[in-house]
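# Summary of structural features
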Amino acid sequence: MKKQQGPARRSLGEGGFTLIELLVVIAIIALVVVFAALAVNAARSKQRDASRLANVRIVQSALEDYFNEANAYPDGELLPLGDVTQSTCLGSEGFGGDCSTAESTYLRVVPGTYEDGLEGIVTCGEPSRRAFCYSVQKEGESYVIHFELENALTPVGLQAGVNCATPDGMEAGICAQ
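Since the model is a prediction, treat every value here as computed from it, not as a measurement. (Residues numbered from 1 in each chain as written. Predicted model: local features only at pLDDT ≥ 70, side-chain atom pairs only at ≥ 80, totals over all residues. Heavy atoms only, no water.)

## So, the sheet that holds strand β7 (residues 132-137)
Taken together, the five strands give an open sheet; going across it, the order is β1-β7-β8-β9-β10, and neighbouring strands pair in antiparallel fashion. The open sheet has two edge strands with one neighbour each: β1 (79-81) and β10 (169-172). The average angle at which neighbouring strand axes cross in this sheet is 30°, direction not considered. As defined by bridge partners, β7 adjoins strand β8 (residues 142-149) across five bridges and the pair is classed as antiparallel. What sits directly across from Gln137, in β8, is Ser142. The sheet contacts of helix α1 (residues 19-70) involve β1, β7, β8, β9 (161-166) and β10, and relative to β8 the element is tilted by about 170°. (Pairing = 2+ DSSP bridges. Helix = DSSP H or I, 4+ residues; strand = E, 2+ residues; numbered from the N terminus. Axes fitted to C-alpha atoms, helices over the stretch in contact; angles between N-to-C directions. Contact = heavy atoms within 4.5 Å.)

Structure, rendered in structure tokens:
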């Protein structure tokens, strides 16, 4: 008489997998996919922040070139950098929508911010939008650029959220006026 086997048992000669084995494999694959998606999203977020930071540094460099020629920073009050009508470029007359008639061009294309992932803490312009927000201070002797990051960049002293760029460098938080 042959001994009856339970549903989870099989003899060595039988092929295939049990339902439990298949469910375990599917669960493991699902976990791997979830962790991979989280890692990719974190990497994308950090890349966007690196691009934002590089763009602010590009603008700072062009502003220093402008200052060296004009002995003042260009005019602007809560100017959204990279705006098509107001600040597409930086020429000898300051920020403008078109620098084709400018005597000198310091930055042919003023970079804007990448809006993906931002909470909208830093906004300026009409209509109000997420941007690098530039304001001249002390009658052209200084400036501030407020910008937003998704993640803290501890090695350079910047935080997630609002940060500030000035002629002296970058700092976490809103710039002191």
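## Focus on the nonpolar core
One recurring pattern in soluble globular proteins is that nonpolar side chains are buried together. Ranked by size, the top nonpolar core spans 23 residues in total, and within it Leu63, Leu81, Leu90, Phe95, Tyr134, Ile145 and Phe147 carry the most contacts. Among the elements of the structure, α1, β1, β4 (105-107), β7 and β8 are those that each provide at least two residues to this core. At six residues, the largest contribution of residues to this core is made by α1. In contact with Phe95, not counting residues within four places along its chain, are Leu63, Pro74, Asp75, Leu79, Leu81, Gln86, Ser87, Cys89, Leu90, Val110 and Tyr134. Among the nonpolar cores identified, the runner-up in size contains five residues, and Val122, Cys124, Ala131 and Val162 belong to it. (Core = buried A, V, L, I, M, F, W, Y, C linked by side-chain atoms within 4.5 Å. Buried < 20%, exposed > 50% of the residue type's maximum accessible area, 1.4 Å probe, protein only.)

## Things to note about α1
Taking 1.5 Å as the rise per residue, α1 with 52 residues should run 76 Å; its terminal C-alpha atoms sit 76 Å apart, in good agreement. Phi turns positive one or two residues past the end of α1, at Asn71, with a value near 60°. (Expected span 1.5 Å × (residues − 1).)

## Quick notes on the sheet that holds strand β2 (residues 89-91)
If you walk across this open sheet you meet the three strands as β3-β2-β4, and the pairing is antiparallel. With one partner strand each, in any of the chains shown, β3 (94-96) and β4 form the two edges of the open sheet. The average undirected angle you get between the axes of adjacent strands in this sheet is 35°. With two bridges joining them, β2 and β4 adopt antiparallel strand pairing. Pairing of Leu90 across the sheet is with Leu107, part of β4. Sitting on the sheet, α1 is in contact with β2, β3 and β4, with an inclination near 155° to β4.

## Topic: the packing of aromatic side chains
Applying the stated rule across the entire model yields five aromatic pairs. Taking 4.8 Å as the distance between ring centres and 70° as the angle between the ring planes, the aromatic pair formed by Tyr73 and Tyr143 counts as edge-to-face. On the criterion of sequence distance, the pair formed by Tyr73 in the loop between α1 and β1 and Tyr143 in strand β8 is long-range, its members being 70 residues apart. Relative to Tyr134, the ring of Phe95 lies with its centre 5.0 Å away and its plane at 65°, an arrangement referred to as edge-to-face. Here Tyr134 lies in strand β7 and Phe95 lies in strand β3, a separation of 39 residues in the sequence. Tyr134 matches Phe95 in its accessibility class, with the two residues each being buried. A connected cluster of aromatic rings, assembled from ring pairs, spans Phe67, Tyr73, Phe95, Tyr134 and Tyr143. (Phe/Tyr/Trp six-rings, centres within 6.5 Å; stacked < 30°, edge-to-face > 60°.)

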